[in-house]
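Residue strings, one per chain:
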Amino acid sequence: MTLAMEQTPRLRPGFRFQWEPAQNAHVLLYPEGMVRLNDSAGAVLKEVDGQRTVADIVETLEQQFPEAGSLAEDVGDFLKDAEQQHWILFT
Amino acid sequence: MNGHHAMPAGDRPGIGPPLWLLAELTYRCPLQCPYCSNPLDFAQTEQELTTEEWVRVLRQGREMGAAQLGFSGGEPLVRPDLPELIAEARQLGYYTNLITSGLGLTEAKVKAFRDAGLDHIQVSFQASDPELNNAVAGSRKAFDQKLAMARAVKEAGYPMVLNFVIHRHNIHQMGDIISLCERLGADYVELATCQYYGWAFQNREGLMPSKAQLQTAEAEVNAYRERLAESGSAMKLIFVTPDYYEERPKACMNGWGSLFLTVAPDGAALPCHSARLLPIEFPNVRESSLHSIWYDSPGFNHYRGDSWMPEPCRSCDEKDKDFGGCRCQAYLLTGNADNADPVCSKSPHHDRILAARKAADHATAGLEELTYRNANNSRLFFRG
């Protein structure tokens, strides 16, 4: 199933995204659990605020990383995966 | 894109930071569950840490990189400074978990904790019906209170984790338990089969389910999982099966002194909440900083790496996977904590696990024959 660009992702209730200096990484925290994110996952989740659509996020990231070219597919794949992991919801 | 990363490096080669801090605020508890993981002699514990001492521990832990914080006990709600500790912890950036029986909780407290920044409340139940729940908990009003508090937790917008300790007297309720959780709107359900430490070890024969009971329960959980998936429910079932029915030991605490740091009510710092029973000297946060405790104390370095391992672990190609299993279990079952965890079929002491399985097939003891966890019973374990 493809992800519609006008959908808006948000973190699932009880999930918190933050930078951890000791791990030199962004992490997702949830009840009694933690996922250490790699750089690209951290960059995408940083833009997930429950306000902006997938299209907005792709646009922001393409501006941040102009050398990366089109990011729509990578971002979409990651967000779908994050939904399956129960990290995020779409509205 | 895959979201995961390798584990971080700490301040010493080969030793990562303590990412999880468990603050056992007190051993006091209104319930008397016969499988409690607290030490048998908890009633002789010296003075609890003060608010200032806990705040210092929280700050030091966070500075070292701890991100997950559990407030547990005993029943952490008996500490009047809990709201203050929650606020401090949240402000430091911890993800804060309150692990509670629900007794002593009120709707007002649920909301006040939320305002102080508490991230999550885990309410434990003993069974799916009031009779059995209250008999196990040793409290007549426990079940109704737990139900009311589970609803209040949900109402206040917390993620809801319900925890059930599973044993031979409630393992037949799996379907009812899960259906209760579904009605309450749980996000996660922990079905944690008893682990035999503390009071649970003392009561093992009266708690351990038989293999047949376990297989029925597993089938019931799996069937329920399929139904949840079909209905699109996001409720997650976490069924922790007992290691006594495994042939290889669990990678206990993900390795000794690897991720977890427990601070007991009197300030003893431990690599897990059971380690107190080992004949090893552990440091106290009243005397040392968390940093020197974690990286430099003999207690925390005792079972790091693998040079301490005797056979069959020493030459085993799985030693990096399970770290020889659990030190506490090795000590409780063989008298020597260096030994391989007897759960392992390669252990020369595996017969003790087999004997426990056999006993579980023939056990007849009722709930009333268990030793309940309370101060009177605890005193029997240190008065001699």
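Since we're looking at a predicted model, the values are computed, not measured.

A few words now on the pattern of salt bridges. A complete count under the given rule lists 16 salt bridges over all chains for this structure. In this structure, the salt-bridge partner of A:Arg52 is A:Glu47, at a minimum N-O distance of 2.8 Å. Assessed through its relative accessible area of 24%, A:Arg52 is described here as partly exposed. Residues B:Lys321 and B:Glu318 are paired through a salt bridge, measuring 3.6 Å at the closest nitrogen-oxygen approach. The exposure class assigned to B:Glu318 is buried, which follows from its relative accessible area of 18%. Shared partners join several salt bridges into a network, and the residues in it are B:Arg28, B:Glu48, B:Arg79 and B:Asp81.

Let us now look at the sheet that holds strand β2 (residues 68–72) of chain B. Residue and element names in this part refer to chain B. On the basis of which strands lie adjacent, the open sheet formed by 9 strands has the order β7-β6-β5-β4-β3-β2-β1-β8-β9 and mixed pairing. Only two strands of the sheet have a single neighbouring strand rather than two, namely β7 (236–240) and β9 (269–270). In the sheet, strand β1 (residues 20–24) pairs with β2 via 5 bridges, with the strands oriented parallel. Directly across from Leu-22, in β2, lies its bridge partner Gly-70. The sheet contacts of helix α5 (residues 142–155) involve β4 (120–125) and β5 (160–166), and relative to β4 the element is tilted by about 155°. Across the sheet, helix α9 (residues 211–230) lies against β6 (188–193) and β7, angled at about 165° from β7, the strand it touches most.

Our next topic: the packing of helix α2 (residues 54–64) of chain A against helix α3 (residues 72–84) of chain A. All names here are of chain A. At a closest axis distance of 10 Å, the pairing of α2 and α3 adopts a crossing angle of 125°. With respect to each other, α2 and α3 are oriented oblique. In the crossing of α2 with α3, the sense of the turn from one axis to the other is right-handed. Seen from α2, the contacting residues are Val-54, Ile-57, Val-58, Leu-61 and Glu-62; seen from α3, they are Ala-72, Val-75 and Leu-79.

Before going further, it helps to spend a moment on unusual backbone geometry. Residue and element names in this part refer to chain B. Of the consecutive residues Gly-73 and Gly-74, the connecting peptide bond is found in the cis state with omega at 15°. Turning to its location among the elements, Gly-74 is positioned in the loop between β2 and α2 (82–92). Residue Pro-312 is bonded to the preceding Glu-311 through a cis peptide linkage, with omega at 5°. Along the chain, the position of Pro-312 falls in the loop between α11 (298–301) and α12 (319–322).

Here we take up the UniProt feature "domain: Radical SAM core" (unreviewed entry) in chain B. Under the feature "domain: Radical SAM core" (unreviewed entry), the UniProt entry names residues 15–230 of chain B. Note that residues 15–230 of chain B is 45% helix and 16% strand, and that its end C-alpha atoms are spaced 44 Å apart.

Residue and element names in this part refer to chain B. β6 sits mainly inside the fold: 6 of its 6 residues count as buried. A two-sided burial pattern is seen for β6, the buried positions comprising Tyr-188, Glu-190 and Ala-192 on one face and Val-189, Leu-191 and Thr-193 on the other. Here β5 pairs with β6 via 6 bridges, running parallel. When the sheet's bridge partners are listed, Val-161 is paired in β6 with Tyr-188. Read as a crossover between parallel neighbours, the route from β5 over helix α6 (residues 174–184) to β6 is right-handed. Summarising the sheet, β6 and β7 pair through 5 bridges and their orientation is parallel. Bridging across to β7, Ala-192 finds its partner in Val-240.

Quick look at the pairing of β1(B) now. The element β1(B) is extensively covered by neighbouring structure, given that 4 of its 5 residues are classed as buried. Note that the unit made of β1(B), helix α1 (residues 51–64) of chain B and β2(B) has a crossover that is right-handed.

Residue and element names in this part refer to chain B. This chain's UniProt record puts "binding site: [4Fe-4S] cluster" (unreviewed entry) on Cys-29, Cys-33 and Cys-36. Inspection of the secondary structure puts Cys-33 in the loop between β1 and α1. For Cys-33, a relative accessible area of 11% puts it in the buried group. If sequence neighbours within four positions are ignored, Cys-33 has contacts with Gln-126, Val-136, Ala-137 and Arg-373. Turning to its location among the elements, Cys-36 is positioned in the loop between β1 and α1. On the basis of relative accessibility, which here comes to 16%, the residue Cys-36 falls in the buried class. Ignoring anything within four residues of it in the chain, the contact list for Cys-36 reads Tyr-197, Gly-198, Trp-199, Ala-200 and Arg-373.

Quick look at the interface of chain A and chain B now. The interface of chain A with chain B comprises 31 residues on the first partner and 30 residues on the second. For the pair chain A and chain B, the summed buried area comes to about 2400 Å², and 56% of that belongs to carbon and sulfur atoms. The three residues of chain A that bury the most area against chain B are A:Arg16, A:Glu32 and A:Arg36, which together make up 29% of that side's buried surface. The tally of links between chain A and chain B comes to 2 salt bridges. Of the charged contacts, one joins B:Arg62 and A:Glu20 as a salt bridge, the two residues approaching to 2.8 Å between their closest N and O atoms. Where chain A meets chain B, there are 9 residue pairs in polar contact (both at pLDDT 80 or more). Looking at the side of chain A that touches chain B, the elements with two or more residues in it are β2 (16–20), β3 (25–30), β4 (33–36), α1 (39–46) and α3 of chain A. Looking at the side of chain A that touches chain B, its residues break down into 15 nonpolar, 8 polar and 8 charged.

The rules behind the values
The residue numbering used here restarts from 1 in each chain and proceeds along that chain's sequence as written. Note on labels: chains are lettered from A, ligands numbered from 1, in written order. Residue-level local features of this predicted model are given only where pLDDT is at least 70; pairs of side-chain atoms are given and counted only at 80 or more, and the full residue set underlies all totals for whole chains, interfaces and linings. Side-chain metrics in this entry use all non-hydrogen atoms of the structure; hydrogen atoms and water are not considered. By definition here, a salt bridge exists when the distance from a side-chain nitrogen of Lys or Arg to a carboxyl oxygen of Asp or Glu is within 4 Å. Exposed residues in this analysis have more than 50% of their type's maximum accessible area, buried residues have under 20%, and partly exposed residues fall in between, with area computed by a 1.4 Å probe over protein chains only. Two strands are said to pair when DSSP picks up at least two bridges between them. Secondary structure counts use DSSP, requiring at least four H or I residues in a row for a helix and at least two E residues in a row for a strand, with both numbered from the N terminus. Whether two residues are in contact is decided by their heavy atoms: any pair within 4.5 Å suffices. For every element, the axis is a line fit to its C-alpha atoms; helices are fit only across the contacting stretch, and the angle between N-to-C directions ranges from 0 to 180 degrees. When describing relative orientation, an angle under 35 degrees is termed roughly parallel and one over 145 degrees roughly antiparallel, while 65 to 115 degrees is termed roughly perpendicular and anything else oblique. Left-handed describes a crossing whose near helix is turned anticlockwise from the far helix through less than a right angle; right-handed describes the clockwise counterpart. UniProt positions are given in the numbering used here, feature names are shortened, and annotations may be inferred rather than shown by experiment. Convention used here: a crossover is right-handed provided that the path from the first strand, over the helix, to the second strand proceeds clockwise when the strands point away from the viewer. Put simply, buried area is the surface a 1.4 Å probe can reach on two separate parts but cannot reach once they are joined, added for both. Polar contact is defined as a pair of N or O atoms within 3.5 Å, subject to the rule that within protein one atom must be able to donate a hydrogen and the other to accept it, and that residues adjacent in sequence are counted only when both atoms are side-chain atoms. Three classes are used, and their members are as follows: Ala, Val, Leu, Ile, Met, Phe, Trp, Tyr, Cys and Pro are nonpolar, Asp, Glu, Lys and Arg are charged, and the others, Gly among them, are polar.

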